[in-house]
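# Reading the structure
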Amino acid sequence: MIKSIFDTIASKFKPMNRKEQAQKIVQNHMLFAGGAGLVPIPGVDMVAVAAVQIEMLRQLSSLYEHTFSENQIKNYLSAFTGGILARLGSSALKGIPVIGTALGSATMALTSSASTYAIGQVFVSHYETGGTNENFDAEAFRKLYEQELKKGKEMAKNMGKNG
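Residues numbered from 1 in each chain as written. Predicted model: local features only at pLDDT ≥ 70, side-chain atom pairs only at ≥ 80, totals over all residues. Heavy atoms only, no water.

Turning our eyes to something else, we now look at the packing of aromatic side chains. What the rule picks out here adds up to six aromatic pairs. When the centroid spacing of 5.1 Å and the interplanar angle of 40° are considered together, the rings of Tyr64 and Tyr127 count as tilted. Here Tyr127 lies in helix H6 (residues 99–128) and Tyr64 lies in the loop between helix H3 (44–63) and helix H4 (70–80), a separation of 63 residues in the sequence. Here Tyr64 and Tyr127 have matching classes, each one buried. Ring geometry for Tyr76 against Phe123: centres 6.3 Å apart, planes inclined by 40°, an arrangement best described as tilted. With Tyr76 in helix H4 and Phe123 in helix H6, this pair connects stretches of sequence that are 47 residues apart. Taking the relative accessible area as the measure of exposure, Tyr76 reaches 12% and is therefore buried. What makes Phe123 buried here is its relative accessible area of 0%. Chaining the aromatic ring pairs together yields one cluster made of Tyr64, Tyr76, Phe123, Tyr127, Phe136 and Phe141. (Phe/Tyr/Trp six-rings, centres within 6.5 Å; stacked < 30°, edge-to-face > 60°. Helix = DSSP H or I, 4+ residues; strand = E, 2+ residues; numbered from the N terminus. Buried < 20%, exposed > 50% of the residue type's maximum accessible area, 1.4 Å probe, protein only.)

Written out as structure tokens, the structure is:
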């Protein structure tokens, strides 16, 4: 019986493989991005979310033992932020006292979480198939990004219901 208890406890602490570690990094940064999206100051929220996304990609690059260039990563991120107008709108809403702040913050948090999730999934997929930061092609991953963005929005909505 004691061996069974120890086996159960030990199974909870088994080391994660690299992909599991990557998913943990993405999930954590999805939460951080949602929090950054709640910053009540228009524009500052977007800078905070970008910083979270850059840090996520820095950690994923390190996990997969790839060189990291912040400028290169910023270029890749900008290729995926075609929804920047939606983020600007959410951020700008925060300038309207009370109701604008609440609506803008909620929308920005959801959008930021979902986008961070999608970006993370794209890079994990790229790295898992042997890709590096040097051979990343944002256009080739646009469809995957859009699919993962939808999943990310659902996950973010559910986090809000469960949190």
